[in-house]
Amino acid sequence: MYAAEVPAYGALVETAQSVNAEVMARDGSAAERLGSLDRVTAERHGAVRVGSAAELAQVGRLFAALGMEPVGSYDLREAAPTPLPIVSTAFRPVEPSELATNPFRMFTSVLVPEDERFFTPELGARVRRAIAARTLLAPRLLQLADRATAESGLGDDEAVELLRLACDALALSGEPVDRGWHDELSAVSGVAADIAGGTSTHLNHLTPRVLDIDLLYDRMSERGIEMIDRIQGPPRWAGPDVLLRQTSFRALAEARSMRAADGRITAGEVRVRFGEVEARGIALTPAGRSVVDALPRDADAWAAALPSTEGGLDDAGLAWFTVSEVAGRLHRAPVVYEDFLPASAAGIFRSNLDDGAASSAPGDAPAVVRDHDWIAGALGREVRDPMALYAAQVEASWAAVGGRGRGGVSA
Ligand code: OOG
Ligand code: NI
C-alpha cells in the first residue's frame, strides 16, 4: 500500500537493497554481525500519530494482535530546538527469536492538547472534541484484533480481513480537509494539524534498514531524491556502529482537497508522508548512554571518549553483549539496538513538518504529566523498559552458559 501510494518509498527500498548487497559483497559475513541479511532485508519501522489516550489504546489493540508490545517512552515536548506537542512509544516484538525473524516496529505518537504551553484551553478543548467525535479504527477491525490476541491468531480469511482493514485504516484519506481548522492547528504545530486536522490517521513513513547509511545517502542523492541535510544520531566514526543512525527524504506534496469556510471544495496539497532509512548498531548500557549522550556529533570526539573495538566497549561495560559457548570457548555477540532516539525522532519530525509550522511552546504553563506510567495507563498494559529488555537478554545468555565468569570471552 505504501509503495503504491508513495513511489519514492519504493525507490528507497530498492536502493537500500542494492546497498545491502554491495556491503555483503564488500564485507562478507562481517556485514551480518548485527543481524542476518534476511532479517535486515525484511526489517522496517513505521510511524503513526493519534489524538488521545483512547485512540492510543485502539492502535495498541491492533499492534497487540500482531505480536507488538509497547516499549519505552519519548517525551518530545522538551525536544530542542523545536518542542513538539506529543509523547511517543514504540510497539515492537520483544523476544529475541521474534526480533530475529522480523523486528517490525511502529513509532506511535499521541497529541497532548491539554498542554497549555502549546494550546490555549479553548483550542485544546476543541481539539479534544474533534478527536472524540471520530472513529479511527473500525469496530470490526478491533473485534478481529482482540480475537487474534486472545486466540493467538485467526483463520486465514479473517487474518486477511484484519490486514485489509488495517491497511485501509492507515492509508491517507481522500476526505476534504477543513482549511480553516487545518490552518489554525498548523499555527500551533504541523504535527497538531496532521493529527487533529482530519478524521483519520495514516502511516506517515516506513523505514527500511540499510547496512551502510552513508553510501545509501549518496546513492539516493545521485538518483535525484533530495534527502534531509544530514544523518541523525551518532557520527560515522572509527569504532563499531552503535545505537541508531537515520536519514529521510522530505515529505512530498500530495493532492488533498480542502473545504473553505463557505463550503466550497478546492484543490490543495499536504506534505505528510515521507521516507526514511536507518542503520542499526549495538545497544549501549546506561553507562554507555551517559558517555555518548554528552558527546558532540563528531568522529574525533567519539574516538577520544570511547574504546574503538567491541571488546573494549564490553570490557568497559558500555555496550550490551550476549555470550555463547562454542567448542568449549565463550564467544561474545553484540546486542542490536532495537529502539529509537528522541533527539533523532525530533529531527525527523522537524524536517518533515509543513513549512511555516510553528511548533512553538508559547506560554510557560506547567507541563501536564505524560510519562511512561501515563502511556501504560492509557494502553491498559505494561510498557516495557528497553534497558531492562537488553539486560534480561544478556543475563539469560550468561545463565545458559552456566554463569561462567566474564573473563576470557572472545569475539
Ligand atoms: C515519527 C518520527 C520519529 C523515528 O524514526 O525516530 C521516527 C513521526 O514522524 O511520526 O519515526
Ligand atoms: Ni522513523
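Residue positions are counted from 1 within each chain, in the order its sequence is given. The lettering of chains begins at A and the numbering of ligands begins at 1, in the order of writing. Predicted model: local features are reported for residues with pLDDT of at least 70 only, side-chain atom pairs are reported and counted for 80 or more only, and whole-chain, interface and lining totals are derived from all residues. Excluding hydrogens and water, the side-chain values take into account all heavy atoms of the structure.

Focus on the packing of aromatic side chains
Filter applied, for reference: Think of it this way: a Phe, Tyr or Trp ring, Trp meaning its six-membered ring, pairs with another when their centres are within 6.5 Å, and the plane angle makes it stacked under 30 degrees, edge-to-face over 60, tilted otherwise. Going along the chain from the N terminus, every DSSP run of H or I of four or more residues is numbered as a helix, and every run of E of two or more is numbered as a strand. Ring-over charges, as used throughout, are those where CZ of Arg or NZ of Lys falls within 6 Å of the ring centre and within 35 degrees of the ring normal.
As enumerated under the stated definition, the model contains 7 aromatic pairs in all. Between Tyr-74 and Phe-107, the aromatic rings sit 5.7 Å apart at their centres with planes inclined by 35°, giving tilted as the arrangement. With Tyr-74 in strand S2 (residues 69–75) and Phe-107 in strand S4 (residues 105–111), the pair connects residues that are 33 residues apart, well separated along the chain. Taken together, the ring pairs connect Tyr-74, Phe-107 and Phe-340 into an aromatic cluster. Taking the ring centre of Phe-340 as reference, the NZ or CZ of Arg-280 above it sits at 5.6 Å. One cation-aromatic arrangement involves Arg-332 over Phe-321; the distance from NZ or CZ to the ring centre is 6.0 Å.

With respect to the pairing of strand S1 (residues 44–50)
Each regular strand displays side chains that alternate between the two surfaces of the sheet. Rule in force here: Exposure is judged per residue with a 1.4 Å probe applied to protein chains only, and the accessible area is read against the type maximum: over 50% gives exposed, under 20% gives buried, and values in between give partly exposed. Whether two strands pair comes down to DSSP finding at least two bridges between them.
Among the 7 residues of S1, 7 are classified as buried, and the element is accordingly described as predominantly covered. In S1, alternate side chains face the same way, and those of Arg-44, Gly-46, Val-48 and Val-50 on one face and His-45, Ala-47 and Arg-49 on the other are all buried. As judged from the 6 bridges shared by S1 and S4, these two strands associate in the parallel manner. Its bridge partner being in S4, His-45 is matched across the sheet by Arg-105.

Here we look at the pattern of salt bridges
Counted only if it meets this: Salt bridge, as applied in this entry: a Lys or Arg side-chain nitrogen positioned within 4 Å of an Asp or Glu carboxyl oxygen.
Across all of its chains, the model carries 40 salt bridges by this definition. For Arg-219, the salt bridge identified is with Glu-22, shortest N-O distance 2.6 Å. Within this pair, whereas Arg-219 is found in helix H11 (residues 213–222), its partner Glu-22 is found in helix H2 (residues 7–27), the two being separated by 197 residues in sequence. Arg-219 gets classed as partly exposed once you look at its relative accessible area, which sits at 27%. Within this structure, Arg-39, Glu-43, Arg-105, Arg-209, Glu-278, Arg-280 and Glu-338 form a network of salt bridges that share partners.

Examining the sheet that holds strand S8 (residues 265–280)
Backbone hydrogen bonds hold the strands of a sheet together, and the pairing may be parallel or antiparallel. To be explicit about the condition: Should any heavy atoms of two residues lie within 4.5 Å, those residues are considered in contact. To get an axis, a line is fitted to the C-alpha atoms, and for a helix only the part in contact is used. The angle between two axes follows their N-to-C directions and goes from 0 to 180 degrees.
Reading across from one edge, S5-S7-S8 is the order of the 3 strands in this open sheet, with mixed pairing throughout. Each of the sheet's edge strands pairs with one partner strand only, and the pair in question is strand S5 (177–178) and S8. Strand direction decides the pairing type here: strand S7 (residues 244–259) and S8, joined by 13 bridges, are antiparallel. Bridge pairing in S8 places Gln-246 opposite Glu-278. Set on the sheet, H2 makes contact with S7 and S8; between it and S7 the angle comes to about 160°.

Considering the sheet that holds strand S6 (residues 205–208)
Spatial ordering of the open sheet is given by S2-S3-S4-S1-S6, a layout of 5 strands whose pairing is mixed. Lying at the two open borders of the sheet, with one neighbouring strand each, are S2 and S6. With strand direction ignored, the average angle separating the axes of adjacent strands in the sheet is 20°.

So, the site of ligand 1
For clarity, the cut-off: We call a residue near a molecule or strand as soon as one heavy atom of that residue lies within 4 Å of the molecule or strand. What qualifies as a polar contact is a pair of N or O atoms within 3.5 Å, subject to a donor-acceptor requirement within protein and to the restriction that residues adjacent in sequence count only when both atoms come from side chains. To measure how exposed things are, a 1.4 Å probe is used in the Shrake-Rupley method; for residues, cover is taken only from the protein chains shown. Basically, the charged four are Asp, Glu, Lys and Arg, the nonpolar ten are Ala, Val, Leu, Ile, Met, Phe, Trp, Tyr, Cys and Pro, and anything else, Gly included, counts as polar.
Surveying the vicinity of ligand 1 reveals the residues His-45, Ala-47, Arg-49, Phe-107, Asn-204, His-205, Gln-246, Phe-274, Glu-276, Phe-340, Ala-345 and Phe-349. Contacts to ligand 1 include His-45, whose side-chain N or O atom sits 3.0 Å from an oxygen atom. One of the side-chain N or O atoms of Asn-204 is found 3.0 Å from an oxygen atom in ligand 1. Starting from 320 Å² of accessible surface for ligand 1 in isolation, the protein chains cover 100%. Elements with a contribution of two residues or more to the shell around ligand 1: S1, S8 and helix H15 (342–351). The residue inventory of the shell around ligand 1, partitioned by class, reads 6 nonpolar, 4 polar and 2 charged.

Topic: the side chain of Arg-209
Within the secondary structure, Arg-209 sits in the loop between S6 and H11. For Arg-209, the side chain forms a polar contact with the side chain of Glu-43, separated by 2.8 Å. Apart from residues no more than four positions distant in its own chain, Arg-209 is found in contact with Ala-16, Asn-20, Leu-34, Arg-39, Val-40, Glu-43, Glu-278, Arg-280 and Val-336.

Remarks on the coordination of the nickel ion (ligand 2)
So the rule is basically this: Donor atoms are limited to N, O and S found within 2.8 Å of the metal ion, a distance that becomes 3.2 Å for Na, K and Ca. With water left out, some sites might look partial.
Each protein donor to the nickel ion (ligand 2) is listed here as His-45 (NE2), His-205 (NE2) and Glu-276 (OE); together their distances run 2.1 Å. Donor residues binding the nickel ion (ligand 2) come from one chain and are separated in sequence as H-x159-H-x70-E. Here His-205, found in strand S6, pairs with Glu-276, found in strand S8; they are 71 residues apart in sequence, far enough to count as distant. Overall, His-205 belongs to the buried group, its relative accessible area being 6%. The exposure class of Glu-276 is buried, given its relative accessible area of 1%.

Focus: the pairing of S4
The buried fraction of S4 amounts to 7 of the 7 residues, a majority that puts the element mostly inside the structure. Taken together, the 6 bridges between strand S3 (residues 86–92) and S4 define a ladder with antiparallel strand orientation. Of the residues in S4, the one forming a bridge with Ala-90 is Phe-107.

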